[in-house]
Structure formats: C-alpha cells, structure tokens
Amino acid sequence: MKKTLLATAMLGLFASQAAIAADDTQELRQVIEQQQKVLKDLEKRLEETEKRVEQTADAAEQGQGKSATTIGGYGELHYNNMSNSDAEIDFHRFVMFFGHEFNSKTRFFSELEVEHVIASHEEDDAGEVELEQAYVEHDFSDALTGKAGLFLVPVGIINETHEPPAFYGVERNPVEKNIIPATWWEGGLALNIKAAPGLAFDAAVTSGLKVEDNFKVRGGRQKVSEASAEALAYTGRVKYTAIPGLELAATAQYQADVTQGDTDVGEEASATLLEAHAIYTVGGFTVKGLYAQWDIDGAEAKAKGRDTQKGWYIEPSYRINDQFGVFARYNEWDNEAGDSVDSKKKVTSVGVNYWIHENVVLKADYENQGGTLDSDGFNLGVGYQF
C-alpha cells in the first residue's frame, strides 16, 4: 500500500513538472515569436531609412540640398502724417516669395503681393492682389543666364531690390515711383551676360506700357493682366561693379507705341526711357544718385506737356553701426516737363533707420514737399524680410 501511494505521488509530481515545462515552452515560444516580429519591423525600418538616405544623397548631388523649395517674403506698415491730407495708417504691403530649384542650373521664382490689406469689389477699396514675379531661370553657362515669364524690368535702383530693410525712408522714393515707374514688372524673355568680372549686360523683350489719354507712364503699367502686346518693349542695361563699393548702371528702353494702337488715346506714340544711376559706399558712408527721363512722340502727348517726363534724386546716408543709420534725400521730378508752365515736384527727406535685426527695421523720417506739392509732415514705419 505504501509502495502504491509512493508511486502515485511520484507520478503526480512528474505530471506536474511536465505541465510546468510545457507552459514554460509555450511562453518561450511566444517570446521568440514576438522577438522575431520586432526584428522584422526593425529590418523594414532600416530598409526605409536606407532609401531615404539614398534619396537625400541624390538630391544633394543635384544641388538641391535639404529642400529644393523655398519660402520667403517681406512686409511693411506705414503711418503717414502730412499737412495736406488726413493722417493715415496702412499695412501697405504683404508679400510672399515661393521658389523651387529643379537642379543646379534651373530654378523657379515667384512673388505674390497683397497691397493695403483688403482686395474686394468695393469702390472705395484701395487693396490689390498682384502677381509681381513668376519666372523660370536657367544657367546656360557660367556667363549666360536666361529667364522667361513674369519678372521685374532691369532698371533703376529699387525696382529689383525693394525689400524694406534694403532702403532708407518709410516710402519708396517718388522719382523712381513716378518716372521709371517702380515697382514695374512685365512678361517676356531676358538674358543676363557676365562679360567680365564686375561687368554685366541685361537684355529683355517684354510686354510694354499702355498709357491712358493723360500719358502718365505710371498709369500705363498693364501688370501683364490680359496685356495688350501690339507694341513690345525692348530693354538693355549695362552694370559695372568691378571696383569695391561702386555700382554704375545705365538702362535704355524703346517701345514703338505706348498707346498700343488705341485710337481713343491718340495716334501712335513711340517712347524711349533713359536711366542712369551710381552708388558709392566707403566705410559706413553711402551716396546714391539717379536720373531718369522719358521722351514720348505724338501730338497728344506734346499737347499735354507729357512728351518729356523726367526726374532725379541724390541720397547720402551714414550707417553708424549695425543698428542705426541716418539719411537725407532730395527728389525732383516732373511728369509734364514738356509744358512751358513750371510743374516740378520737390521733396526733401531726412530720417533714421533702426535695425532691431538685420532683417527687421523701424523707420522714421520728416518730409518737406515743395514745388506744386506744398506740404510737410512725418512718416513712421516698420518693415521685415525673411
């Protein structure tokens, strides 16, 4: 009986040990399966990482770097208080840049602008939404670059570089605004030729102006919105920058008919623009000077005194340090210079720029408007770019 009980007890012990061993084996099998799944997931992730590394390397070899698409922009808020008008505060411009580099030789650039905050169908709404640039640029060689699309005309000082931290004064200078007329963009083709170190030539064939019956050139900008192209514009510029601190440039443009064949405006009127400017910087001191003139043929333009429209300005400035700069500017222009009556407009400005960051600037200036304007006052502004 004792032997039977002992045998039964031993058998039960073996059975329980076998059950425990079976449970351990099952748990071990589950652990192994889970580890195998983790390893497979890790292997898949490693493969995906290798693919991304290869794609990044390919992009770097093509000159695209971390990102082939770039975003930037600028904006400016103005407060104007002049004696001949009510004080006004205006977010004058909000601009976004979008660019893309297809490879090291071919790129795209665009500029979309909202002026005066709101653009609507209201009659008293001054706002506008404008596409100022949208072009493809290609380097044919180290010396030859071409572009096609919508771009800024190669003329003047601020037409191609007009971000707020780049110039003095709250408002852009009135000579380039009313005579050139900046900001001025057209649609067409352009070439830039680097003839020698510091010597470059630009040539462009683009859409042109279409003036109204008052023959004011600024009002003739069509902004490439279903623009009449009966008479194209031909522009050439030479720029010299071989001497450190010095820029010399001259632009000429010819258009066979600034009326674009509109008989309601008048007979055909060819127009020629000549512009020249100089910029010289030594240490913190900079002086800028510009002259621009339009000559327009036709009896209608002559009868209004607008067969000749011209202007000039000179601007000395001193950058005291990285944060502060002061300037003075004298502007004189006349959109009716062909008239016997003196219709000159004159503006003298003095002011200060305070850069709280190299790309963020606070501005203040005082204006005395002479000639036919007869006003004075001050302007405050803040501007940025990124």
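As recorded in an unreviewed UniProt entry, the protein goes by the name Carbohydrate porin, listed as coming from Shewanella sedimentimangrovi.

(A) Quick peek at the nonpolar core. By size, the foremost hydrophobic cluster in this structure holds 27 residues, and its most contacted members are Trp-184, Phe-215, Leu-290, Trp-294 and Ile-296. Breaking this core down by element, the ones donating at least two residues are β10 (271-282) and β11 (285-296). In terms of residues, this core owes the most to one element, β11, which gives 4 residues. Setting aside residues up to four positions removed in sequence, Phe-215 forms contacts with Thr-259, Val-265, Ala-269, Ile-296, Glu-300, Ala-301, Lys-304, Arg-306 and Gln-309.

(B) Quick look at the side chain of Glu-111. Positionally, Glu-111 belongs in strand β3 (residues 106-115). At 6.4 Å, Arg-172 is the nearest oppositely charged side chain to Glu-111, a buried residue that forms no salt bridge. Here the side chain of Glu-111 touches Tyr-74 through a polar contact of 3.5 Å, side chain to side chain.

(C) Highlighting the environment of Thr-259. Relative to the helices and strands, Thr-259 resides in the loop between β9 (246-255) and β10. Put simply, Thr-259 and Ser-228 are 31 residues apart on the chain and 9.5 Å apart in space, counted from C-alpha to C-alpha. Discounting chain neighbours no more than four positions away, the residues touching Thr-259 are Lys-210, Val-211, Phe-215, Val-265, Gly-266, Glu-267, Glu-268 and Ala-269. Engagement of the side chain of Thr-259 in a polar contact is seen with the side chain of Asp-257, the distance being 2.7 Å.

(D) Representation of the pairing of β10. Both β9 and β10 contribute to a ladder of 10 bridges, which runs antiparallel. Bridged to Ala-249 within β10 is His-277. Of the pairings in the sheet, the one linking β10 to β11 comprises 12 bridges and is antiparallel in character. Bridging across to β11, Tyr-280 finds its partner in Val-287. Counted along the chain from β10 to the antiparallel partner β11, the turn is 2 residues long, and its residue Gly-283 has a positive phi close to 60°.

(E) Highlighting unusual backbone geometry. Cis rather than trans, the peptide bond between Ile-180 and Pro-181 has omega equal to 5°. Following Ala-182, the chain continues to Thr-183 via a peptide bond in cis, the omega torsion being -5°. Within the fold, Thr-183 resides in the loop between α2 (174-178) and β6 (185-196). If you check the backbone angles, His-116 has positive phi at about 60° while not being a glycine. Within the secondary structure, His-116 is located in the loop between β3 and β4 (128-139).

(F) Local environment of a nonpolar patch on the surface. Where nonpolar side chains cluster on the molecular surface, the patch consists of Tyr-280, Val-282, Phe-285, Tyr-318, Ile-320, Phe-324, Val-326 and Val-352 and spans about 670 Å² of accessible area. Contributions of two or more residues to the nonpolar patch are made by β10 and β13 (324-334). Among the structural elements, Tyr-280 can be located in strand β10.

(G) Just the environment of Leu-209, in detail. Secondary-structure assignment places Leu-209 in the loop between β7 (199-206) and β8 (233-240). For Leu-209, a relative accessible area of 0% gives the class buried. For the pair Leu-209 and Arg-221, spaced 12 residues apart in sequence, the C-alpha separation works out to 5.2 Å. Not counting chain neighbours up to four residues away, the residues in contact with Leu-209 comprise Trp-184, Glu-186, Val-217, Gly-220, Arg-221, Gln-222, Gln-255, Asp-257, Val-258, Gln-260 and Trp-294.

(H) Local environment of empty space enclosed by the protein. Counting across every chain of the model gives 1 cavity of 30 Å³ or more. Put simply, the largest cavity is a space of about 70 Å³. Every residue along the wall of the largest cavity is listed here: Ile-158, Phe-167, Tyr-168, Arg-172, Asn-173, Lys-288, Tyr-313, Glu-315 and Arg-329. Tallied by class, residues from the lining of the largest cavity come to 4 nonpolar, 1 polar and 4 charged.

About the criteria used
Residues numbered from 1 in each chain as written. Predicted model: local features only at pLDDT ≥ 70, side-chain atom pairs only at ≥ 80, totals over all residues. Heavy atoms only, no water. Core = buried A, V, L, I, M, F, W, Y, C linked by side-chain atoms within 4.5 Å. Buried < 20%, exposed > 50% of the residue type's maximum accessible area, 1.4 Å probe, protein only. Helix = DSSP H or I, 4+ residues; strand = E, 2+ residues; numbered from the N terminus. Contact = heavy atoms within 4.5 Å. Lys, Arg positive; Asp, Glu negative; His and termini not counted. Salt bridge = Lys/Arg side-chain N within 4 Å of Asp/Glu carboxyl O. Polar contact = N/O pair within 3.5 Å; in protein donor to acceptor, adjacent residues only side chain to side chain. Pairing = 2+ DSSP bridges. Patch = residues over 30% accessible without salt bridge, like charges linked within 9 Å, V, L, I, M, F, W, Y side chains within 5 Å. Areas by Shrake-Rupley, 256 points an atom, 1.4 Å probe, with all protein chains shown as cover. 1 Å grid on protein atoms, 1.4 Å probe; cavity = no way out; pocket = protein on both sides within 12 Å on 5 of 7 lines; lining within 4 Å. Points joined across faces, edges and corners; volume = space filled by probe spheres on them. Nonpolar A, V, L, I, M, F, W, Y, C, P; charged D, E, K, R; others polar.

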